[in-house]
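The lines below spell out each chain.
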Amino acid sequence: MKQAFAKIKERLKSAKNAIVTAHVDPDGDAVGSMLAMGAVIEQFGLKVSYYCADLPPRIYRFLPGADKIRREVPAGTLFDLAIVLDSSDLSRIGEGIDLRQCARVIINLDHHPDNTQFGDINYVTKASSVAEEVYDLAVYLGAKIDKRIADCLYAAIITDTGNFRYENTNVKTFLIAGELLKAGVNTHEISTRIYDNRSLAAVRICALAMTNMQITADHKAAWMVVTKAMMDQTGAKGEDMIGMVDHLRSIEGVEVAILFREEKDGTVKVNFRSKDRLNVSEIARRFGGGGHVKASGATLEGKTDEVVRRVVAEVEKYLQAAKYLV
Ligand SMILES: [Mn+2]
């Protein structure tokens, strides 16, 4: 661990500018970690560009610095450092930028088990969130964890641990959270901004999708479909579907929850969640996707009905074979 940190520290000494980025469709960990990471290296005098292929979802825009995130960088800029966060592969940041062309050194900070070690410096752990890694790095570098950084890291940690509920939550997660509280985080304020701030469209699309929910006879797998028509009807956007699949996972007996979403480009996005035993990153990988053991995703081509049939059949196979149990 410290080896990667020492290398980063060394690079920071000579670097003048950096680009900080994370995966497309950024979640709380991606946004919070980006902003915190950027704020940390700004303390060392670097000029930081914050780049993401998609702007942060509305519920994360209150985070300090969120307005600095851009969907493009000035053409021709050469960055001394690129810090890529929460991305299992460089392709996860999208095709809008070619970091191998515009950055001298790529630093990869991630916690996905399928990370491809794409960086010149790689720091990939089993931490609950990339925010924990950013926190450790900040402490190693001797950065001051001010309230701004603490707010971003705390928001990232709660989103990736499901408010400290998921199995990835451990002693260290709470210790770091404790330090962030000492730095001034108001837990109620951040939770309210993130969880009690749903758009009406989000509630309406969830209600609609719930009406077409299906469940296997043994109640181990449940799924629902969001069609383009439903999105038109409710005015919901992609970010309004965050967390929707969790409603299915919360059902008694359900081991795997699946959300199918029709995309504008004709593909179908699939989100997988598992409760206790099944490794859904394996399943997602079978369809060209990936992710975490209990939260993963893939994008498939084909008619929605057909995609649903294929995916559900595969999930049932895994449930029966039970060989990918974790
Ligand atoms: Mn993450």
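Look a little higher up for the structure.
Small disclaimer: the values here were computed from a predicted structure and weren't measured.

**Here we look at the sheet that holds strand S2 (residues 47-51)**
No. 1: Taking strand neighbours across the sheet as the criterion, the 6 strands line up as S3-S2-S1-S4-S5-S6 in an open arrangement whose pairing is parallel. Each of the sheet's edge strands pairs with one partner strand only, and the pair in question is strand S3 (69-70) and strand S6 (121-124).
No. 2: Across 5 bridges, the pairing between strand S1 (residues 17-22) and S2 is parallel. Residue Val 20 lies in a different strand from S2, and its bridge partner there is Tyr 50.
No. 3: Sheet strands touched by helix H2 (residues 28-42): S1, S2, S3, strand S4 (79-85) and strand S5 (103-110). Its angle to S2, the strand with the most contacts, is close to 170°.

**Regarding the coordination of the manganese ion**
No. 1: Distances from the manganese ion to its protein donors, namely Asp 29 (OD), Asp 86 (OD), His 111 (NE2) and Asp 160 (OD), fall within the range 2.2 to 2.3 Å.
No. 2: Each donor residue of the manganese ion lies on the same chain, and together they follow the pattern D-x56-D-x24-H-x48-D. Residue Asp 86 is found in the loop between S4 and helix H3 (99-102), and its partner Asp 160 is found in helix H5 (residues 147-160); the two are separated by 74 residues along the sequence. For the pair Asp 86 and Asp 160, a shared accessibility class is recorded, and that class is buried.

**Details of helix H1 (residues 2-14)**
No. 1: The terminal C-alpha atoms of H1 lie 19 Å apart, and with 13 residues this matches the ideal 18 Å at 1.5 Å per residue to within 8%.
No. 2: Listed as buried for H1 are Ala 4, Phe 5, Ile 8 and Leu 12. Angularly, the buried residues of H1 cover 95° about the axis, an arc narrow enough to put them on a single face. Facing away from the buried side of H1, by more than 90 degrees, are the exposed residues Gln 3, Lys 13 and Ser 14.

Cut-off values and rules
- Residues numbered from 1 in each chain as written.
- Predicted model: local features only at pLDDT ≥ 70, side-chain atom pairs only at ≥ 80, totals over all residues.
- Heavy atoms only, no water.
- Pairing = 2+ DSSP bridges.
- Helix = DSSP H or I, 4+ residues; strand = E, 2+ residues; numbered from the N terminus.
- Contact = heavy atoms within 4.5 Å.
- Axes fitted to C-alpha atoms, helices over the stretch in contact; angles between N-to-C directions.
- Donors = N, O, S within 2.8 Å, 3.2 Å for Na, K, Ca; no water.
- Buried < 20%, exposed > 50% of the residue type's maximum accessible area, 1.4 Å probe, protein only.
- Expected span 1.5 Å × (residues − 1).
- Arc of directions from axis to C-beta.

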